[in-house]
Amino acid sequence: MPSRKTSPTAAPTAAPAAGQVVARVVDEITQMIVSGELLPGQQIRQEHMAAALGVSRLPVREALRQLAADGLVVHEQHVGFAVTRLSRSEFDQVYLMRRLLETEVIRSLPRPGTDELDHIAALAEEVERAAAETDLPRMRVLNTRFHFAIFDLSELNLVVGQIKRVWTWALPYHAVYLHDEAGRARILAEHREMVAALGAGDVERLVELMDTHRAGSADQLSLMLAPGVPR
């Protein structure tokens, strides 16, 4: 029987499928980090992760490389991959960069249209519903969407891209501050004030609110980095 010739177009069809598997693994591991299932400094064993996600080690390895490039995980020679753990200095730098970059973006914001404002207000309400149901993983995701719905109104798209990168570095720690009921209530109240300031076109008030909002989160997150606190 003559051997079957491979079509020139057959090979590329495997690439999207492989890429989709890697993308799914990236999403799954990211969710584990954001939810607190994987903690800062925790080692990620490729064979265990592959078994848990029902894939081979190859897409897990590629996903971890992508996450390392994004700053969510780190790789140490002869040790492997682990969730990124920030030093106190690095943590302070993350919040310094956030303050500087976010302030510039907020001051560049145009007054939103009705549809844009309604979308942002709806996201704030979704955050509140997730908080009421104590669905903290969903609350974290929606909280990020809320903030970037505001930032994305700006034409400073490169700066917004850098803000996203900086946010990623602190994602492993975001699982902490939402566990405090008073902290959740503060976040929700500040979101409502932000929507009102945005609707009024008062960017300086929005800068002030964001500074307060960011500082409150930083204070709670910094408790994880205090001497003697297990991480």
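Our structure is the block above this text.
Reading the values: the criteria
Residues numbered from 1 in each chain as written. Predicted model: local features only at pLDDT ≥ 70, side-chain atom pairs only at ≥ 80, totals over all residues. Heavy atoms only, no water. Helix = DSSP H or I, 4+ residues; strand = E, 2+ residues; numbered from the N terminus. Contact = heavy atoms within 4.5 Å. Pairing = 2+ DSSP bridges. Salt bridge = Lys/Arg side-chain N within 4 Å of Asp/Glu carboxyl O. Buried < 20%, exposed > 50% of the residue type's maximum accessible area, 1.4 Å probe, protein only. Expected span 1.5 Å × (residues − 1).

(A) View of the side chain of His191. Among the structural elements, His191 can be located in helix 9 (residues 181-200). When neighbours within four sequence positions are excluded, His191 is seen to be in contact with Val127, Asn143, Phe146, His147 and His213.

(B) Layout of the sheet that holds strand 3 (residues 80-83). The sheet built from three strands is open, its strands ordered 1-3-2 with antiparallel pairing. Among the strands making up the open sheet, the edge pair consists of strand 1 (43-44) and strand 2 (73-76). Where strand 2 and strand 3 come together, four bridges link them in antiparallel fashion. Residue Val74 lies in a different strand from strand 3, and its bridge partner there is Ala82.

(C) Molecular detail of the pairing of strand 3. Bridge count for strand 1 against strand 3 is two bridges, and the pairing is antiparallel. Across the sheet, residue Ile44 finds its bridge partner in strand 3, namely Phe81. Here strand 2 hands over to strand 3 after three residues, with His78 in that stretch at a positive phi of 70°.

(D) The pattern of salt bridges, seen in detail. Enumeration according to the criterion identifies 11 salt bridges in this entry. Across the pair Glu102 and Arg214 runs a salt bridge whose closest N-O atoms are separated by 2.9 Å. Of the two residues, Glu102 is situated in helix 4 (residues 88-107) and Arg214 in helix 10 (residues 203-222); the sequence distance between them amounts to 112 residues. Relative accessible area serves as the criterion here: at 0%, Glu102 is assigned to the buried category.

(E) Fine view of helix 9. Taking 1.5 Å of rise per residue, the 20 residues of helix 9 would be expected to cover 28 Å, and the 29 Å separating its terminal C-alpha atoms lies within 8% of that figure. Every buried residue of helix 9 is listed here: Gly183, Arg184, Ile187, Leu188, Glu190, His191, Met194, Val195, Ala197 and Leu198. Gly201 sits one or two residues past helix 9 and shows a positive phi near 70°.

(F) Structural detail: the environment of Val25. As for its placement among the helices and strands, Val25 is situated in helix 1 (residues 14-35). Along the backbone, Val25 and Ala50 are 25 residues apart, and their C-alpha atoms lie at a distance of 8.9 Å. If we ignore the near neighbours within four places in the chain, the residues touching Val25 are Leu53, Val55, Pro59, Val60 and Ala63.

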